[in-house]
Amino acid sequence: MHDVLLQMDANAPAFAAVSQRFGGTMQLVGNFNDIGAGLNVAKGVIARLAFYGLQLDLDTYYLYSDARECTV
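Residues numbered from 1 in each chain as written. Predicted model: local features only at pLDDT ≥ 70, side-chain atom pairs only at ≥ 80, totals over all residues. Heavy atoms only, no water.

1. Focus: the overall build of the protein
Each helix and strand in the protein was counted, giving 3 helices and 2 strands. Mapped from its N terminus to its C terminus, the protein presents α and β elements in the order α-α-β-α-β. Counting only residues that meet the buried cut, the protein has 19% of its 72 residues in that class. Long-range pairs, those at least 24 residues apart, make up 86% of the contacts in the protein with a sequence separation of at least 6. Accessible area for the protein stands at about 5,500 Å²; split by element, carbon and sulfur atoms hold 56% of it. (Helix = DSSP H or I, 4+ residues; strand = E, 2+ residues; numbered from the N terminus. Buried < 20%, exposed > 50% of the residue type's maximum accessible area, 1.4 Å probe, protein only. Contact = heavy atoms within 4.5 Å. Areas by Shrake-Rupley, 256 points an atom, 1.4 Å probe, with all protein chains shown as cover.)

Okay, here's the thing in structure tokens:
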């Protein structure tokens, strides 16, 4: 997420205008091997998402497998 925001910062006014006009979304997808993975977003990142008018959509997937050691 931070890397994408850095790229947007290169032309912040243009990205902000497009995002606010068309309803921008930052889509995050996480694949996890353990149950209970969380997300921590720093205040500065939230402020930058707000500046760009971006909503945040997070999809998380638990990669379950019968073959893994943690399953009985």
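Having seen the structure, we can now continue with the description.
2. Some details on helix α2 (residues 12-22)
Here α2 has its buried residues at Ala12, Ala16 and Ser19. With its buried residues spanning 70° around the axis, α2 presents them on a single face. In this structure, α2 carries Pro13, Arg21 and Phe22 as exposed residues pointing more than 90 degrees from its buried face. In the core, the buried residues of α2 are packed alongside α1 (2-9) and α3 (43-52). With its phi angle positive at about 75°, Gly23 sits one or two positions after the end of α2. (Arc of directions from axis to C-beta.)

3. Focus: the side chain of Ser19
You can see Ser19 is positioned in helix α2. Apart from the residues within four sequence positions on either side, Ser19 is in contact with Gly24, Tyr52, Gly53 and Leu54.

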